[in-house]
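Examining the three-dimensional arrangement
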Amino acid sequence: MIKFFKRFWSYLTAGANQKFNEKADPKIQLEQAIAEAQDQHRRLTEQAASVIAQQKQAEMRLARSMDQLQKVNGNARQAVLMAEEATKNGDAAKAAEYNRTAEVFANQLIQLEAQVADQKTAALQTTQASDQAKAAVAQNGQLLQKKLADSQKLLSQLEQAKMQETMNKAMTSLSATVGEDVPTIDEVRDKIEARYAKAQGMSELQGQTVEGRMLEVEQAAQNTEAQARLSEIRSQLGLTPAASAAPAADTAAPTPEAEPTAAPAPEPTPGV
């Protein structure tokens, strides 16, 4: 029974998630995904900073231990030299004190050497962890930049999709019948074209009537009178061009034809 309820709850959850994803705004979901990626990068950076801080602390502890080791080593050497000097001078009591002091320094030296060895191992490990943390932050930063670039591309595609959907709706509404009280564009176009054609037909009919011809003659008379008045004004202003004289034709005077001379009358023949 418990298994059945678990499966039923999983089914309801999956159905609710599917319906939510269908109704959710992709832009808001994309912004949420980017915000989550940025928050994850921030947490990773903080963790990497903690690892790097541990590395720095390990290096500082190692440096202090190295300084102390060098100092204790020098003190031990100095105690041995002073004990040797006291022995040469025949001061056995002082030589013994210096030897005991050298032994104390030697024990400290042994402890410090072990401590330095452990700290070197820790410093090496923290250095490796620090390098890995830096590489992880750099890699995640590149992924974040890629996600940001992809998000900008997706946002642009989303805006284009919205614009295309709006245009598709507008184009669909242009040819679809909106309702009884709202005509379509095609219906309005047919109405306007019919009215325009009717007006043109009436204009052609009016032009063919007697009244139309009379109006045309009257308009022509007015135009002729206007042209005559303009010619008169030009003449008064001395703007009338001089009439071009017709070129005189050089015609030769006709030469009178010589009258034919009468043949001389024959002389009378003397009679025999």
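Residues numbered from 1 in each chain as written. Predicted model: local features only at pLDDT ≥ 70, side-chain atom pairs only at ≥ 80, totals over all residues. Heavy atoms only, no water.

Glancing now at the overall build of the protein chain. What the protein chain contains, in helices and strands, is five helices and zero strands. Of all 272 residues assigned to the protein chain, the portion counted as buried reaches 12%. In the protein chain, the proportion of contacts linking residues at least 24 apart, taken out of those at least 6 apart, comes to 73%. Element-wise, carbon and sulfur atoms account for 57% of the exposed surface of the protein chain, whose accessible area totals about 23100 Å². (Helix = DSSP H or I, 4+ residues; strand = E, 2+ residues; numbered from the N terminus. Buried < 20%, exposed > 50% of the residue type's maximum accessible area, 1.4 Å probe, protein only. Contact = heavy atoms within 4.5 Å. Areas by Shrake-Rupley, 256 points an atom, 1.4 Å probe, with all protein chains shown as cover.)

Attention now moves to the nonpolar core. Ranked by size, the top nonpolar core spans eight residues in total: Ala58, Leu62, Leu69, Val72, Leu109, Leu112, Val116 and Ala123. Listed by contribution, the elements that provide at least two residues to this core are helix 2 (26–88) and helix 3 (92–175). With residues near it in sequence (within four places) discarded, Leu109 still touches Leu69, Val72 and Asn73. (Core = buried A, V, L, I, M, F, W, Y, C linked by side-chain atoms within 4.5 Å.)

A word on the confidence of the model for the protein chain. With 72% of its residues at a pLDDT of 70 or more, the protein chain has an overall mean of 78. Within the protein chain, helix 2 carries the highest mean pLDDT (90), whereas helix 1 (residues 2–23) carries the lowest (60). Contacts of residues 242–272 to residues separated by more than four positions or lying in other chains number zero contacts, the stretch itself having pLDDT below 50. (pLDDT = per-residue confidence, 0-100.)

Another aspect to go through is the side chain of Asn140. Turning to its location among the elements, Asn140 is positioned in helix 3. Polar contacts involving the side chain of Asn140 include one to the side chain of His41, which spans 2.7 Å. The residues touching Asn140, leaving out its near neighbours within four places in the chain, are His41 and Leu44. (Polar contact = N/O pair within 3.5 Å; in protein donor to acceptor, adjacent residues only side chain to side chain.)

Our next topic: the pattern of salt bridges. Within the structure shown, the criterion is met by six salt bridges. The closest approach of N and O atoms between Arg43 and Asp39, which form a salt bridge, is 2.1 Å. Residue Arg43 and its partner Asp39 are both found in helix 2; the two are separated by four residues, about one turn of the helix. Note on Arg43: relative accessible area 35%, which makes it partly exposed. (Salt bridge = Lys/Arg side-chain N within 4 Å of Asp/Glu carboxyl O.)

We now examine a nonpolar patch on the surface. Taken together, the side chains of Leu230, Ile233, Leu237 and Leu239 present a nonpolar region at the surface, about 380 Å² in accessible area. With respect to the helices, strands and loops of the structure, Ile233 is situated in helix 5 (residues 210–236). (Patch = residues over 30% accessible without salt bridge, like charges linked within 9 Å, V, L, I, M, F, W, Y side chains within 5 Å.)

Turning to its location among the elements, Ala123 is positioned in helix 3. Ala123 gets classed as buried once you look at its relative accessible area, which sits at 8%. Along the chain, Ala123 and Gln54 lie 69 residues apart, while their C-alpha atoms are 8.7 Å from each other. Those residues in contact with Ala123 that lie beyond four places of it in its chain are Ala58 and Leu62.

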